[in-house]
Amino acid sequence: QVQLVESGGGLVQPGGSLRLSCAASRTIFSIYAMGWYRQAPGKQRELVALIISGGSTNYADSVKDRFTISRDNVKNTVYLQMNSLKPEDTAVYLCNARITTMGYWGQGTQVTVSS
């Protein structure tokens, strides 16, 4: 199993940037995939970005070309760089790790994009 702790959320103006971090309690070499999800009030949780052990990435259409997911295997951390933020990006962002068939979740970090 793995413990995940997110950080980096906050309040930012439209067009601004934030960098989210998800620190894992174990080496992420053994983690098949790590991803960022988000959930806004009254909406279902959605996948934002995913990075697989081989290095391939996937993004939701709504964030492609604005967000970048990456991971640092030395620090056991996955990042989500968010640029050109829009009000519709406002949500709680949650980190997820998949090991074999099991999935693990962090507690989430709030991102608010507002003027």
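Residues numbered from 1 in each chain as written. Predicted model: local features only at pLDDT ≥ 70, side-chain atom pairs only at ≥ 80, totals over all residues. Heavy atoms only, no water.

Caption draft 1: Representation of empty space enclosed by the protein within the structure. A complete count under the given rule lists one cavity of 30 Å³ or more for this structure. The calculated volume of the largest cavity comes to roughly 60 Å³. Among the residues making up the lining of the largest cavity, the classes are represented as two nonpolar, two polar and five charged. (1 Å grid on protein atoms, 1.4 Å probe; cavity = no way out; pocket = protein on both sides within 12 Å on 5 of 7 lines; lining within 4 Å. Points joined across faces, edges and corners; volume = space filled by probe spheres on them. Nonpolar A, V, L, I, M, F, W, Y, C, P; charged D, E, K, R; others polar.)

Caption draft 2: How the structure looks around the packing of aromatic side chains. Scanning the entire structure with this criterion turns up one aromatic pair. Measuring from ring centre to ring centre gives 4.9 Å for tyrosine 37 and tryptophan 105, while their planes differ by 65 degrees; the resulting arrangement is edge-to-face. Of this pair, tyrosine 37 sits in strand E4 (residues 33-39) while tryptophan 105 sits in strand E10 (residues 102-105), and the two are 68 residues apart along the sequence. Positioned over the ring face of tyrosine 79 is arginine 19, at 3.9 Å from the centre of the ring. Positioned over the ring face of tryptophan 105 is arginine 45, at 4.6 Å from the centre of the ring. (Phe/Tyr/Trp six-rings, centres within 6.5 Å; stacked < 30°, edge-to-face > 60°. Helix = DSSP H or I, 4+ residues; strand = E, 2+ residues; numbered from the N terminus. Lys NZ or Arg CZ within 6 Å of the ring centre and 35° of its normal.)

Caption draft 3: Spotlight on the state of the cysteines. Overall, the coordinates contain one disulfide when judged by the stated rule. Sulfur-sulfur distance for the disulfide between cysteine 22 and cysteine 95 comes to 2.1 Å. Handedness of the cysteine 22-cysteine 95 disulfide follows from its S-S torsion of about -85 degrees: it is left-handed. Placement of the pair is cysteine 22 in strand E3 (residues 18-24) and cysteine 95 in strand E9 (residues 91-99), with a sequence separation of 73 residues. Looking at cysteine 95, the relative accessible area reads 0%, which means it is buried. (Disulfide = S-S within 2.5 Å. Buried < 20%, exposed > 50% of the residue type's maximum accessible area, 1.4 Å probe, protein only.)

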